[in-house]
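Chain by chain, the residues run as shown.
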Amino acid sequence: MRSSLVPAATSATSFLKPQLGTCKLAAAVALASLLAACGSDSSDSSPEPSPEVSVSVVNYFTGQPLAEANVKGVWHLADGSVVEGTAVSNAEGVALLDVSDVSGATRVVVTADATGFSVQSGAIAEPDAAVLESVELALQTVNIASTVDAEAGFVLENGDDDTAIVEIAPSTLVTADGALASGDVTAEVTFIDPSLDPELMPGTYAIGPTEEAGVLESFGAINVTFMNEAGDELNLAEGQNATIRIPAAANSSSLPAEIPLFYFDDALGYWVEEGSATLVTLDGNYYYEGTVAHFSTWNADQVMDSVSVSGCVVDIEGLPVANARIYSQGQDYVGQSTAYADESGLFSLSVRRYSEVLLQAAAGDAYDSLDITTSDEDLALENCLVVEPRPISISLTWGEDPSDLDTHFVGTSAVDAEDNFHVSYMDTEALVGDDQIQLDVDDTTGFGPEVTTMSGFPFAGTYSYRVHRFSGDGDIQSSPTRVVLNLDGDSHIYTPPAGEPDDCWSVFTITVDESGNTSLVEDGTWGDSYQCRLDAVDNAEEPNTVQAMSSAPATPENPLREAVRSKYYAR
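The model shown is predicted, which means the values in this text are computed figures rather than measured ones. (Residues numbered from 1 in each chain as written. Predicted model: local features only at pLDDT ≥ 70, side-chain atom pairs only at ≥ 80, totals over all residues. Heavy atoms only, no water.)

1. Observations concerning the overall build of the chain
Alright, step 1. Secondary structure assignment for the chain yields three helices and 41 strands.
Alright, step 2. Scored against the burial criterion, the 571 residues of the chain give a buried share of 56%.
Alright, step 3. Of the roughly 21600 Å² of accessible surface on the chain, 46% is carried by carbon and sulfur atoms. (Helix = DSSP H or I, 4+ residues; strand = E, 2+ residues; numbered from the N terminus. Buried < 20%, exposed > 50% of the residue type's maximum accessible area, 1.4 Å probe, protein only. Areas by Shrake-Rupley, 256 points an atom, 1.4 Å probe, with all protein chains shown as cover.)

2. Details of the pattern of salt bridges
Alright, step 1. Tallied over the entire structure, the rule returns ten salt bridges.
Alright, step 2. In this structure, Asp 266 and Lys 72 form a salt bridge, with 3.9 Å as the shortest nitrogen-oxygen distance. One end of the pair, Asp 266, is in the loop between strand 18 (258–265) and strand 19 (270–282); the other, Lys 72, is in strand 4 (residues 70–77), with 194 residues separating them in the sequence.
Alright, step 3. Taken together, the shared-partner salt bridges connect Glu 167, Arg 245 and Glu 289 into one network. (Salt bridge = Lys/Arg side-chain N within 4 Å of Asp/Glu carboxyl O.)

3. Quick notes on the sheet that holds strand 38 (residues 482–487)
Alright, step 1. Taken in spatial order, the six strands of this open sheet run 34-35-36-31-38-39, and their pairing is antiparallel. A single partner strand is all that each edge strand has here, and the edge strands are strand 34 (429–432) and strand 39 (490–494). For this sheet, the mean angle separating the axes of adjacent strands, direction not counted, is 10°.
Alright, step 2. Bridge count between strand 31 (residues 392–397) and strand 36 (residues 450–454): five bridges; the pairing is antiparallel. Paired with Ile 392 across the strands is Met 454, a residue of strand 36. (Pairing = 2+ DSSP bridges. Axes fitted to C-alpha atoms, helices over the stretch in contact; angles between N-to-C directions.)

4. A closer look at the confidence of the model for the chain
Alright, step 1. On average, residues of the chain carry a pLDDT of 82, and 81% of them reach 70 or more.
Alright, step 2. In the model, residues 9–50 has pLDDT below 50 throughout and makes 133 contacts with residues more than four positions away in sequence or in other chains.
Alright, step 3. Note on residues 539–553: pLDDT is under 50 here. Beyond four places in sequence and across chains, it has 43 contacts. (pLDDT = per-residue confidence, 0-100. Contact = heavy atoms within 4.5 Å.)

5. Quick notes on the packing of aromatic side chains
Alright, step 1. If you walk through the whole model with that rule in mind, you get twelve aromatic pairs.
Alright, step 2. Joined through ring pairs, the aromatic side chains of Phe 409, Phe 421, Phe 457, Tyr 463, Tyr 465, Tyr 494 and Phe 508 make up one cluster. (Phe/Tyr/Trp six-rings, centres within 6.5 Å; stacked < 30°, edge-to-face > 60°.)

6. Details of the state of the cysteines
Alright, step 1. Enumeration according to the criterion identifies two disulfides in this entry.
Alright, step 2. Here Cys 312 is linked by a disulfide to Cys 384, with a sulfur-sulfur distance of 1.9 Å. Of note, the bridge from Cys 312 to Cys 384 carries an S-S torsion of about -85° and is left-handed in sense. A residue pair is termed long-range when its members are at least 10 positions apart, and Cys 312 in strand 22 (residues 306–314) and Cys 384 in strand 29 (residues 383–386) qualify at 72 residues. Of the two residues, Cys 312 and Cys 384, neither departs from the other in class, the shared state being buried. (Disulfide = S-S within 2.5 Å.)

7. Looking at the nonpolar core
Alright, step 1. By size, the foremost hydrophobic cluster in this structure holds 38 residues, and its most contacted members are Val 309, Val 313, Ile 326, Phe 347, Leu 349, Ile 372 and Leu 381.
Alright, step 2. Of all the elements, strand 26 (residues 356–363) adds the most residues to this core, at four residues.
Alright, step 3. Excluding anything up to four places from it in sequence, Ile 326 contacts Val 313, Ser 337, Thr 338, Ala 339, Tyr 340, Ala 341, Phe 347, Leu 349, Gln 360 and Ala 361.
Alright, step 4. If you look at the next biggest cluster of nonpolar residues, it comprises 34 residues, including Val 166, Ile 168, Val 224 and Ile 259. (Core = buried A, V, L, I, M, F, W, Y, C linked by side-chain atoms within 4.5 Å.)

8. Quick notes on the environment of Thr 175
Alright, step 1. Within the secondary structure, Thr 175 sits in the loop between strand 13 (173–174) and strand 14 (184–192).
Alright, step 2. Judged by relative accessible area, which is 16%, Thr 175 ranks as buried.
Alright, step 3. The sequence separation of Thr 175 and Met 227 amounts to 52 residues, and the corresponding C-alpha distance is 8.9 Å.
Alright, step 4. Beyond its immediate stretch of four places on either side in the chain, Thr 175 contacts Asn 228, Glu 233 and Leu 234.
Alright, step 5. A polar contact is formed between the side chain of Thr 175 and the side chain of Asp 177, at a distance of 2.4 Å. (Polar contact = N/O pair within 3.5 Å; in protein donor to acceptor, adjacent residues only side chain to side chain.)

9. Thoughts on a negative patch on the surface
Alright, step 1. On the surface, a cluster of negative charge is contributed by Asp 149, Glu 151, Asp 184 and Glu 229.
Alright, step 2. Topologically, Asp 149 is positioned in strand 10 (residues 144–149).
Alright, step 3. We classify Asp 149 as partly exposed; its relative accessible area is 40%. (Patch = residues over 30% accessible without salt bridge, like charges linked within 9 Å, V, L, I, M, F, W, Y side chains within 5 Å. Lys, Arg positive; Asp, Glu negative; His and termini not counted. Charge placed at Lys NZ, Arg CZ, Asp CG, Glu CD.)

10. Observations concerning the environment of Asp 193
Alright, step 1. With respect to the element layout, Asp 193 can be found in the loop between strand 14 and strand 15 (216–228).
Alright, step 2. On the basis of relative accessible area, Asp 193 is assigned to the buried category, the value being 0%.

11. Quick notes on the environment of Leu 279
Alright, step 1. Within the secondary structure, Leu 279 is located in strand 19.
Alright, step 2. Overall, the relative accessible area of 24% leaves Leu 279 in the partly exposed class.
Alright, step 3. Placed 24 residues apart in sequence, Leu 279 and Leu 255 show a C-alpha to C-alpha distance of 7.8 Å.
Alright, step 4. For Leu 279, the residues in contact, after removing those within four places along its chain, are Leu 255, Pro 256, Ala 257, Tyr 286, Tyr 287 and Tyr 288.

12. Let's talk about the sheet that holds strand 7 (residues 105–113)
Alright, step 1. Strand order in the open sheet formed by four strands is 5-4-7-8, with antiparallel pairing between adjacent strands. The outermost strands of the open sheet, each flanked by one partner alone, are strand 5 (82–88) and strand 8 (120–125). When the angles between neighbouring strand axes are averaged without regard to direction, this sheet yields 15°.

13. Let's talk about the pairing of strand 4
Alright, step 1. Extensive coverage of strand 4 is indicated by the burial of six of its eight residues.
Alright, step 2. Inspection of the sheet shows strand 4 paired to strand 5 by seven bridges, in the antiparallel sense. If you follow Asn 70 over to strand 5, its bridge partner there is Val 88.
Alright, step 3. The loop that links strand 4 with its antiparallel partner strand 5 comprises four residues; one of these, Gly 80, has a positive phi angle of about 90°.

14. A closer look at the side chain of Glu 188
Alright, step 1. Relative to the elements of secondary structure, Glu 188 occurs in strand 14.
Alright, step 2. Within the structure, the side chain of Glu 188 is placed 3.1 Å from the backbone nitrogen of Gly 116, a separation counted as a polar contact.
Alright, step 3. Setting aside anything within four residues of it in sequence, one finds Glu 188 in contact with Thr 115, Gly 116, Phe 117, Val 142, Ile 144, Asn 223, Val 224 and Thr 225.

Printed below as a string of structure tokens:
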């Protein structure tokens, strides 16, 4: 069951005052960002953004902090002026952007870059309405890293494949002041497949300051950067062009033969159309090939043929929740849209017409979700989304293959710890004591997400999470598969361990003592199908006593790179 439904109000005046809360913006960690959304008291005047913003920069695949990342914040003020701040992340991956006066900001864009990682940006409109408290940016590791001669023409190829991803003519790279680059240049290319996680894309999917200007449906993207030995960023000289080839996103349907190209403007915080690309087939894989006049993140997109979905968000008492974040994710297309509920809990956002869409709403640690099917007309939801406190959540995502991965969450369901609950596709809900445990959906067609939420741990004991390969080609390890656990206010990110993959991945075990204190251990082990289906919590193998987000058990360096090499991208 996706949602506990409450009839939608016929007017804003039927709502009572919402509860207090805070808001956190996170980019590229879908559930973490969703559950860090905000709720505020509508009787208060809109608070001013803090002059100091804490930015956490982490590795998308492991959750480990990234030190020495370059971070930039851009505040767009109501009078049209712009305030910028820069900082470098410390050993904990935290950078503090300190700006003197950003009152009245209408838009904030925060960008981070680190050596060996792709650039990532987060953007939020109207930060007075959703208080910008802190930002988390999760960066992908690059897919192609190469040292090239700046004065020679060169081709950047796709890993072990011979496919040319970037082609540049001789003596076309320059510094910011227009000086011709010379000597060795570090080139980095990152493939962005938003099928795996829509928030891998920088910013939002909007083509303007707000989504009213239009929302994109993506068919794949890449980020390309160049840097000389002095650490200066390089780009194409004025009047010069380069050829790029973007791997088509795995979940893209009906690939257009011609498609517009958009680049992400990290100062404005939205996508700008420039040029077009043509669909080509190379070694059985689909790419969008186009010519660009500068480098940044390039996206093969089309503006979504959309309809509006409107509704309301309330808490378990039926009170409206202001500034709850509502997030849509296409299930049969690659795209997302975001809205924040107004002071009466009302919202409206754009989604693709004639499509399957997952709606999610969150405020603090309260969460709800709903599957909808759109037509060619705007949709007004009959019932409100009801966000219930779910401080514990587990999100499972993967690629196109295997088509069906399953969540298995097993834990103590009695005081004597002799009985266990087992939440999976066979039984998606469990009421244990006074605590609700729920799996929102059983996804059988690839990608996910499958989200398991809990209101709390009902009893002392152990709770184990596993991922089972139920059907489809490929394996859990190369899909790639990713699990995000939100526990005690912290996010823990897991990717499959190294070694020969089997059909069951034991991910982690949580032990709860009599006082309610939790201890988290990463299992990181493989087993057969039987192990995943066991109701007992004890693993068939002794788990590795490694804390979450540690460097072991070893994982592939970059699951997306492995996916590219195994021809994962759309065929």
